[in-house]
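# Fold and geometry: a report
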Amino acid sequence: MILVTGSAGFIGANFVLDWFAQHDEGVVSLDKLTYAGNLENLASLKDNPRHIFVQGDIGDQALVSRLLAEHRPRAVVNFAAESHVDRSIHGPEDFIQTNVVGTFHLLETIRAYWGGLEGEAKVSFRFLHVSTDEVYGSLGAQDPAFSETNRYEPNSPYSASKAASDHLVRAYHHTYGLPVLTTNCSNNYGPYHFPEKLIPLMIVNALAGKPLPVYGDGQQIRDWLYVKDHCSAIRRVLESGRTGEVYNVGGWNEKANLDIVHTVCGLLDELRPRTDGKSYREQIAFVTDRPGHDRRYAIDARKIERELGWKPAETFETGIRKTVQWYLDNQDWVGNVQSGNYRQWLETNYAGRA
Ligand code: NAD
Ligand code: TYD
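Because the structure is predicted, anything quoted here is derived from the model rather than measured. One numbering rule holds for all chains: residues counted from 1, following each sequence as written. To label them, take the chains in the order written and letter them from A, then take the ligands in the order written and number them from 1. Residue-level local features of this predicted model are given only where pLDDT is at least 70; pairs of side-chain atoms are given and counted only at 80 or more, and the full residue set underlies all totals for whole chains, interfaces and linings. As a convention, hydrogens and water are excluded, and side-chain values are obtained from all of the structure's heavy atoms.

A few words on the site of ligand 2. Taken together, 19 residues sit near ligand 2, with Glu134, Pro213, Arg290, His293 and Tyr350 positioned nearest. In this structure, an oxygen atom belonging to ligand 2 sits 2.9 Å away from a main-chain N or O atom of Leu198. Whenever a nitrogen or oxygen atom comes within 3.5 Å of another N or O atom, the pair is scored as a polar contact, on the condition that within protein one atom can donate a hydrogen and the other can accept it, and that pairs from neighbouring residues in sequence are kept only if both atoms are in side chains. Between a nitrogen atom of ligand 2 and a main-chain N or O atom of Pro213, the distance comes to 2.7 Å. With the chains in place, 97% of the 520 Å² that ligand 2 exposes on its own is no longer accessible. The set of elements that each furnish at least two residues to the shell around ligand 2 consists of α3 (85–90), α7 (198–207) and β8 (212–215). Looking at the shell around ligand 2 element by element, the count peaks at 3 residues for β8. When its residues are assigned to classes, the shell around ligand 2 shows 8 nonpolar, 5 polar and 6 charged. Nearness of a residue to a molecule or strand requires only that one of the residue's heavy atoms be within 4 Å of it. To be clear on the numbers: accessible area is Shrake-Rupley with a 1.4 Å probe, and residue cover counts the displayed protein chains and nothing else. Numbered from the N terminus, helices here are DSSP runs of H or I no shorter than four residues, and strands are runs of E no shorter than two. Gly is placed with the polar residues, together with every amino acid not listed as nonpolar (Ala, Val, Leu, Ile, Met, Phe, Trp, Tyr, Cys and Pro) or charged (Asp, Glu, Lys and Arg).

This is the structure we're talking about:
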């Protein structure tokens, strides 16, 4: 079996659900269940005997070594992280704790486990670390997209903490020979995306009749990838990636934030029109920009295509339509994640913006 950390979050949950659609192999899921972790995301696996869920911290070495000894996974896929840039600006501490210290403890535990393996089990073991394109910093309008050889220039506490974790993973390969793989992916979107991030927040706010807060001029560019394409890329890298290598993953879908918001509004106008006949675009509100806001991210995904034959299956148009439809069909899920904690976050992040 494999061990998947952060499996109750957005991408981790999609990964585990897709895994069982493709594989017979079992999964041990480890997740701390922070505000971003939601067992409801894995509810469809409740009666699946090949899925074992354990609540816990990647930094808990006693727990993780017990799980490794008991289940003898052939691979660990690490999604666990604090993942929201705005939260990292308001409170960086948790990011350092989980993304840096937590990853370090996880690496130590895995190094001890891997050191005790023998023969084929040792040779074929893999640790796959899921990271972000944000470690490369911000691009100018004319710059080429990020390749695996770009310099690390992280600008937010979030991206700095992910950069630190990537460096630790690299060092554990270089120094101890740990068979690691790292993926650096662009912005994901799709089902189970927590509505603090741009796309789900816009869908949820639009339907609730609330303002759609666009930071600054809305011309910041992100490179969007449908989450299931990210999951297929990770499976591909796990299967055939060369150890010690980094693979950039992206969808060749650069879009300005304002265009994203317009697209979401257009789809909602079609699929769930406002009762007053007006467009959801009326709800767009420009608000104070994010401090240190990166202007543009773009991924050059040629290496993973060339070496591993991976390409995204969805275009932005097909993926965003599926996503909006998923939120319309899963209003109970949305209602359940809007806890007191969620409302408090909206107050913290948006109340101070003009
Ligand atoms: P998320 O915030 O939705 O989920 C993170 C999960 O990790 C949650 O279930 C949370 O409970 C769990 N977690 C947090 N701290 C933990 C700890 N100490 N121990 C165990 N579990 C813990 O994040 P996501 O969007 O699913 O991102 C997953 C990974 O992918 C992250 O490493 C992130 O940096 C990376 N990534 C995300 C994107 C994106 O667009 N969302 C893009 C590229 C890379
Ligand atoms: P986000 O989803 O937080 O992802 P990231 O910061 O990791 O790229 O934000 C995506 C873009 O959308 C980013 O440029 C910030 C912007 N944004 C808004 O304009 N308004 C919002 O309310 C949010 C949450 C994000």
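Now, onward.
Glancing now at the site of ligand 1. Lining the immediate environment of ligand 1, one finds 28 residues, of which Ile11, Asp31, Ser83, Tyr158 and Lys162 sit closest. Side-chain polar atom of Asp57 to a nitrogen atom of ligand 1: 3.0 Å apart, as the coordinates give it. Ser83 is positioned with one of its side-chain polar atoms (N or O) 2.6 Å from an oxygen atom of ligand 1. The protein chains hide 97% of the 840 Å² of surface that ligand 1 would expose on its own. At the level of elements, α1 (10–22), β5 (126–132) and α6 (157–176) are the ones that each hand at least two residues to the shell around ligand 1. It is β5 that contributes the most residues to the shell around ligand 1, 3 residues altogether. In terms of residue class, the shell around ligand 1 is made up of 12 nonpolar, 12 polar and 4 charged.

A word on the sheet that holds strand β1 (residues 2–5). Spatially, β3-β2-β1-β4-β5-β6-β11 is the arrangement adopted by the 7 strands of the open sheet, whose pairing is parallel. Edge strands, defined here as strands with exactly one partner in the open sheet, are β3 (51–55) and β11 (246–249). For this sheet the average axis-to-axis angle between neighbouring strands, irrespective of direction, equals 20°. For two strands to pair, DSSP has to find at least two bridges joining them. Relative to strand β6 (residues 180–185), β5 runs parallel, the two sharing 6 bridges. Residue Phe127 lies in a different strand from β6, and its bridge partner there is Val180. Any two residues whose heavy atoms approach within 4.5 Å at even a single point are treated as in contact. Axes here mean lines fitted to C-alpha atoms, for a helix over just the part in contact, with angles spanning 0 to 180 degrees between N-to-C directions. Taken strand by strand, helix α4 (residues 93–115) contacts β4 (75–78) and β5, and its axis lies near 165° from that of β5.

Across the two faces of β4 the burial is the same, with Ala75 and Val77 and Val76 and Asn78 all buried. Across 4 bridges, the pairing between β1 and β4 is parallel. Bridge pairing links Ile2 to Ala75 in β4. Where β4 meets β5, 4 bridges bridge the pair, whose relative direction is parallel. Its bridge partner lying in β5, Val76 is registered against Phe127. Only protein chains enter the accessibility calculation, which uses a 1.4 Å probe. A residue is then buried if its area is under 20% of the maximum for its type, exposed if over 50%, and partly exposed in between.

So, about the nonpolar core. Within soluble globular proteins, side chains that are nonpolar generally end up buried alongside one another. By nonpolar core is meant a set of buried Ala, Val, Leu, Ile, Met, Phe, Trp, Tyr and Cys residues that side-chain atoms within 4.5 Å join together. Phe15, Val16, Val77, Phe79, Leu128, Ile304 and Ile320 are the most contacted members of the largest nonpolar core, which has 73 residues in total. Looking at this core element by element, the count peaks at 8 residues for α1. The next biggest cluster of nonpolar side chains, apart from the first, holds 23 residues, and it includes Leu30, Leu67, Leu107 and Phe125.

Turning our attention to unusual backbone geometry. The backbone of Leu33 shows a phi angle near 55°, a positive value even though the residue is not glycine. Here Leu33 is to be found in the loop between β2 (27–31) and β3. The phi torsion at Tyr192 lies on the positive side, around 65°, for a residue other than glycine. Relative to the elements of secondary structure, Tyr192 occurs in the loop between β7 (188–189) and α7. Classification of Tyr192 by relative accessible area gives buried; the value is 18%.

This part takes up the packing of α1 against helix α8 (residues 227–240). Axis separation between α1 and α8 bottoms out at 9 Å; the angle between their running directions is 65°. Viewed along their axes, α1 and α8 adopt a mutual orientation that is roughly perpendicular. Both α1 and α8 take part in a crossing whose hand is right-handed. Residue-level contacts link Phe10, Ile11, Asn14, Phe15, Asp18, Trp19 and Gln22 of α1 to Val227, Lys228, His230, Cys231, Ile234, Arg235 and Leu238 of α8. Tallied by class, the residues present in the contact of α1 with α8 amount to 8 nonpolar, 3 polar and 3 charged. Working rule for angles: under 35 degrees goes down as roughly parallel, over 145 as roughly antiparallel, 65 to 115 as roughly perpendicular, anything else as oblique. By definition, turning the near helix anticlockwise from the far helix through less than a right angle yields a left-handed crossing, and turning it clockwise yields a right-handed one.

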